[in-house]
Amino acid sequence: MDITIHDVTQENVQEILNLRVGEAQQNFIETTQQCLDEAKECANFKPVGLYSDNRLIGFAMYGHFSEGEENGRVWLDRFLIDAKYQGFGYGKTMLNAMIQKLVDEFSCNNIYLSVYEDNKAAIHLYEKFDFHFNGESDENNEKIMVKNLNGQH
C-alpha cells in the first residue's frame, strides 16, 4: 500500500469535495467544502488529500496556531475517511501517516485535536494512537485530546 498526502489543488479539488462520511457521522465533522472555505479564511489551515495507491481515501486539515502555549499548538483539525473506504483499516493507516507528517513538518512535542464526546469510533481510534483528553474544550464544545510525542501524559 503506497500512502501519500497531497495538497488540495485545482487538479484534485473536485474529488476532495466529493468525499463523504457515513450518515451517522455527519454531525461530527464539517463538509470538505466548509473546511476548504475555512482554509481560505485562515492561512494557518492546510487542507490535504489522503491517498492509498493513488486513490483518494480521505481528507485532513491541520495547522500550527500560536495561542495556548509558548511554542503554539499543532492541530490535526479535521480528519475523515470517505464512507466507501471505512472499515478497511484506512483510518489507522492514514492517522499514522498524518501524525508522521506533523512531526516531520513541525518538530512538535504535542499534537492536538478535538472530538465530540459521542463520537465513540473516533475517540477509540485516537486512543489507540495515545491521544488522551486534557480536560479542555474548544469553542464548539468539542473535547480536546492531545498526543504527547515524548511519551508523557
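To start, this report covers the structure provided alongside it. (Residues numbered from 1 in each chain as written. Predicted model: local features only at pLDDT ≥ 70, side-chain atom pairs only at ≥ 80, totals over all residues. Heavy atoms only, no water.)

**Regarding the sheet that holds strand E5 (residues 110–115)**
Inference 1: With mixed pairing, 7 strands are arranged side by side in an open sheet as E1-E2-E3-E4-E5-E7-E6. With one partner strand each, in any of the chains shown, strand E1 (3–7) and strand E6 (131–137) form the two edges of the open sheet. If you compare each strand with its neighbour and ignore which way they point, the axes differ by 35 degrees on average.
Inference 2: When E1 meets strand E2 (residues 46–52), the two strands line up antiparallel, connected through 5 bridges. Across the sheet, the residue bridging to Thr-4 is Tyr-51, located in E2.
Inference 3: Sheet strands touched by helix H3 (residues 90–106): E1, E2, strand E3 (55–65), strand E4 (73–81), E5, E6 and strand E7 (143–148). Its angle to E4, the strand with the most contacts, is close to 155 degrees. (Pairing = 2+ DSSP bridges. Helix = DSSP H or I, 4+ residues; strand = E, 2+ residues; numbered from the N terminus. Axes fitted to C-alpha atoms, helices over the stretch in contact; angles between N-to-C directions. Contact = heavy atoms within 4.5 Å.)

**Side note on the layout of surface pockets**
Inference 1: Taken as a whole, the largest pocket spans an internal volume of roughly 930 Å³.
Inference 2: Lining the largest pocket are 42 residues, with Ile-29, Phe-79, Asn-119, Ala-122 and Tyr-126 sitting closest to its centre.
Inference 3: At the level of elements, E4, H3, E5 and helix H4 (120–128) are the ones that each hand at least two residues to the lining of the largest pocket.
Inference 4: For the lining of the largest pocket, the element with the most residues is E4, which contributes 8 residues. (1 Å grid on protein atoms, 1.4 Å probe; cavity = no way out; pocket = protein on both sides within 12 Å on 5 of 7 lines; lining within 4 Å. Points joined across faces, edges and corners; volume = space filled by probe spheres on them.)

**Things to note about the pattern of salt bridges**
Inference 1: Applying the stated criterion across every chain yields a total of 7 salt bridges.
Inference 2: Two residues, Lys-46 and Asp-7, come together in a salt bridge whose shortest N-O distance is 3.4 Å. You can see Lys-46 sitting in strand E2 and its partner Asp-7 sitting in strand E1, a full 39 residues away along the chain.
Inference 3: Lys-46 sits in the partly exposed class, given a relative accessible area of 29%.
Inference 4: For Asp-7, a relative accessible area of 39% puts it in the partly exposed group. (Salt bridge = Lys/Arg side-chain N within 4 Å of Asp/Glu carboxyl O. Buried < 20%, exposed > 50% of the residue type's maximum accessible area, 1.4 Å probe, protein only.)

**A closer look at the environment of Leu-95**
Inference 1: Looking at the element boundaries, Leu-95 is found in helix H3.
Inference 2: Each C-alpha atom of the pair Leu-95 and Leu-125 lies 8.8 Å from the other, and the pair is 30 residues apart in sequence.
Inference 3: Every residue in contact with Leu-95, bar those within four places of it in the chain, is listed here: Leu-76, Phe-79, Tyr-90, Leu-125, Tyr-126 and Phe-129.

**A word on H4**
Inference 1: Taken together, the buried positions of H4 are occupied by Ala-122, Ile-123, Leu-125 and Tyr-126. The buried residues of H4 all sit within an arc of 160 degrees when viewed along its axis, so they share a single face. Turned more than 90 degrees from where H4 packs its buried face, Lys-120 and Ala-121 sit exposed.
Inference 2: Buried residues in H4 make contact with E4, H3, E5, E6 and E7. (Arc of directions from axis to C-beta.)

**Considerations on the pairing of E7**
Inference 1: For E7, the buried fraction is high: 5 of the 6 residues fall into the buried class.
Inference 2: Sheet topology places E5 next to E7; 6 bridges connect them, and they run antiparallel. When the sheet's bridge partners are listed, Asn-110 is paired in E7 with Asn-148.
Inference 3: Bridge analysis of E6 against E7 gives 4 bridges, and the strand direction is antiparallel. By the bridge assignment for E7, His-132 is matched with Val-146.
Inference 4: From the end of E6 to the start of E7, which pair antiparallel, there are 5 residues, and Asn-141 there has a positive phi angle of about 65 degrees.

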